[in-house]
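Listed here are the chains, written in short residue letters.
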Amino acid sequence: MKSFPRLLFWAMHLWVLAYSAVMLGAFTIQFVGGEFPCPLCMLQRYGMILSTIGALWIIMQARRGELTAVRYAQGLGMGVLGAAAGALVSVRQILLHIKPGDPGYGEPVLGMHLYTWALITFYVVILFVAVVSMLAPVGIPEAPTRAGAQRTISTLIVGLFALVVAANVIAIIFLEGFAWVLPDDPTGYNLLDQLGL
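What counts, and at which threshold
- Residues numbered from 1 in each chain as written.
- Predicted model: local features only at pLDDT ≥ 70, side-chain atom pairs only at ≥ 80, totals over all residues.
- Heavy atoms only, no water.
- Helix = DSSP H or I, 4+ residues; strand = E, 2+ residues; numbered from the N terminus.
- Buried < 20%, exposed > 50% of the residue type's maximum accessible area, 1.4 Å probe, protein only.
- Contact = heavy atoms within 4.5 Å.
- Salt bridge = Lys/Arg side-chain N within 4 Å of Asp/Glu carboxyl O.

S.K.: Please explain the environment of Pro 183 as it appears in this structure.
M.R.: With respect to the element layout, Pro 183 can be found in the loop between α5 (149–176) and α6 (190–194). On the basis of relative accessibility, which here comes to 30%, the residue Pro 183 falls in the partly exposed class. In the structure, Pro 183 is positioned 107 residues away from Leu 76 in sequence and 34 Å away in space, judged by C-alpha atoms. Discounting residues that sit within four places of it in the chain, Pro 183 has contacts with Pro 39 and Asn 190.

Structural data, given as structure tokens:
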């Protein structure tokens, strides 16, 4: 089990990479498919971001050689908190569209709407955190000690997530414009409309 702490380190990267991919998929649907996210969709993205910050906390502490059992537990706790918040929003949106004949919001992907897929991802995170929490006595994540390809890959994954977060911030500014909240059923980028572009 000597390699287990290193495996956990890369499992945290998989968490970051998976949510980066999910949000990039949502961007593809938004920009290519022309489906604009509603306020609940954006809140689910924020839940994904908050959840992933827990994994990032663990990664960065491990890279500095400062990851302790307490800090590991804090990172996992942040992850579950974000996933639980996102799951509540997903359930709310599912319940809004549960009536027979309701087409739901947006086009289904592989037979389910994005908010249903989001709920599944939140449950996967909660299950993952439960499993790695039970395995904590075996070891906590350990980063490679030397600079090299593994450190570069780690940095690229963290950088990708930072870009996805920045893109979400920019997207919300363009969607909301000079309003405090998103419209319930957005049909365009309010900022461009308000600026007359």
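S.K.: What am I meant to see in the pattern of salt bridges here?
M.R.: Note on pairing: side chains with opposite charge can pair once their charged atoms come close. For the coordinates displayed, the defined rule picks out two salt bridges. Notably, a salt bridge pairs Arg 6 with Glu 142, separated by 3.5 Å at the nearest N-O pair. Placement of Arg 6 in helix α1 (residues 4–31) and of Glu 142 in the loop between α4 (114–134) and α5 is noted, with a sequence separation of 136 residues between them. On the basis of relative accessibility, which here comes to 42%, the residue Glu 142 falls in the partly exposed class. The salt bridge involving Arg 71 is made with Glu 66; its shortest N-O contact spans 3.8 Å. Of the residues examined, Arg 71 reaches a relative accessible area of 31% and is grouped as partly exposed.

Read these as layout, nothing more, since geometry by itself doesn't imply function.
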